[in-house]
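# Results of the structural survey
Below, each chain spelled out in residue letters.
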Amino acid sequence: MVQVKICRECGTNYTNRYNSRYCSPLCAFWYQFDRSGGTDACWTWRDNKTNDGYGNVAGWLVSRLLGGPSRRQLAHRVAYQLHYGQHPGELKVTHRCDVPACANPRHLVLRTQRGNMMDGLERGRPIICAPGEKNFAARLTEADIRLIRASAMRSGDLASRLGVSRATIDAARRRITWRHVE
Ligand SMILES: [Zn+2]
Ligand SMILES: [Zn+2]
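My aim in this report is to walk through the structure given alongside it, one point at a time.

Calculation criteria
- Residues numbered from 1 in each chain as written.
- Chains lettered and ligands numbered in written order.
- Predicted model: local features only at pLDDT ≥ 70, side-chain atom pairs only at ≥ 80, totals over all residues.
- Heavy atoms only, no water.
- Donors = N, O, S within 2.8 Å, 3.2 Å for Na, K, Ca; no water.
- Tetrahedral: all angles 85-135°; square planar, octahedral: opposite > 155°, others 65-115°.
- Helix = DSSP H or I, 4+ residues; strand = E, 2+ residues; numbered from the N terminus.
- Buried < 20%, exposed > 50% of the residue type's maximum accessible area, 1.4 Å probe, protein only.
- Pairing = 2+ DSSP bridges.
- Core = buried A, V, L, I, M, F, W, Y, C linked by side-chain atoms within 4.5 Å.
- Contact = heavy atoms within 4.5 Å.
- Salt bridge = Lys/Arg side-chain N within 4 Å of Asp/Glu carboxyl O.

## Examining the coordination of the zinc ion (ligand 1)
Here the zinc ion (ligand 1) is held by the protein donor atoms Cys7 (SG), Cys10 (SG), Cys23 (SG) and Cys27 (SG), which lie 2.2 to 2.3 Å from it. Here the zinc ion (ligand 1) is ringed by four donor atoms whose angles at the metal span 106 to 115°, and the overall shape comes out tetrahedral. Read from N- to C-terminus, the donor residues coordinating the zinc ion (ligand 1) fall into the pattern C-x2-C-x12-C-x3-C. A residue pair is termed long-range when its members are at least 10 positions apart, and Cys7 in the loop between strand S1 (3-6) and strand S2 (13-16) and Cys27 in helix H1 (residues 25-30) qualify at 20 residues. Cys7 sits in the buried class, given a relative accessible area of 3%.

Listed below in structure tokens is the structure:
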């Protein structure tokens, strides 16, 4: 029986005879992400994950989305490919946000390990591209960041009080760094 249904992801009407809840493979894919935080937040994969915490896309869906054989693929790599229309090949798709389950294309960068580090150095911020306490170069804690953002003090004053540079304070305030802290 052909039925008119409403796609769970995009809300359009579609007809199909299968027991599907989405109008297309694309909608079936994107529906699996929690995007409640908005366009710039992490979009985390809700479905099956690898031991390392990466989203795992079922083989049949990969094949419908990208063509080719039915073989499992990591969600962020699939997302990168769909969004940028470019196959990552041997290159790594890395996360700016350090959240393995995230596949927000805005947080994904295609790079070799070396390219990643070089890029950081060129911008004068060696290996501190990944924000957060886990980063060895981080001198501030998440609590400090909340305090900095809530404070009415001038950046220069906060900098000398916390023993960091003014640029560090400004970057945290403008959410260039520590984007994951609310
Ligand atoms: Zn749809
Ligand atoms: Zn993210």
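## Focus on the pairing of S2
Residues Tyr14 and Asn16 line the buried face of S2, whereas the alternating positions Asn13 and Thr15 sit on a face that is not buried. Here S1 pairs with S2 via four bridges, running antiparallel. Across the sheet, Lys5 pairs through a bridge with Tyr14, a residue of S2. Here S1 folds back onto S2 in antiparallel fashion, the turn holding six residues, of which Gly11 has a positive phi close to 80°.

## Concerning the coordination of the zinc ion (ligand 2)
Coordination sphere of the zinc ion (ligand 2), protein contribution only: Cys42 (SG), Cys97 (SG), Cys102 (SG) and His107 (ND1), at 2.1 to 2.4 Å. Given four donor atoms and angles of 103 to 115° at the metal, the environment of the zinc ion (ligand 2) is assigned as tetrahedral. Ordering the donors of the zinc ion (ligand 2) by residue number gives the pattern C-x54-C-x4-C-x4-H. Here the residue Cys42 occupies a position in the loop between strand S3 (33-34) and strand S4 (44-45), and Cys97 occupies one in the loop between strand S7 (92-95) and strand S8 (108-111), the gap between them amounting to 55 residues. According to the relative accessible area criterion, Cys97 is buried, its value standing at 15%.

## Comments concerning the nonpolar core
Ranked by internal contacts, the top residues of the largest apolar core, which has 22 residues, are Phe29, Phe33 and Val57. Of all the elements in the fold, those that place two or more residues in this core are H1, helix H2 (59-66), helix H3 (75-84) and S8. Ignoring sequence-local partners within four residues, the contact set of Phe29 consists of Trp45, Val57, Leu61, Leu65, Ala75, Val78, Ala79 and Leu82. Leu140, Ile148, Ala159 and Ile169 belong to the second largest nonpolar core, which has ten residues in total.

## Structural notes on the pattern of salt bridges
Considering all chains together, one arrives at four salt bridges under this definition. For the salt bridge of Asp157 with Arg154, the shortest nitrogen-to-oxygen distance reads 3.5 Å. Relative accessible area serves as the criterion here: at 61%, Arg154 is assigned to the exposed category. Arg166 is paired through a salt bridge with Asp170; the nearest N and O atoms lie 3.8 Å apart. Pair noted here: Arg166 and Asp170 are both in helix H7 (residues 166-173), with a separation of four residues, about one helical turn. Take Arg166: its relative accessible area is 52%, and that puts it in the exposed class.

In short, shape yes, function no, at least from these values alone.
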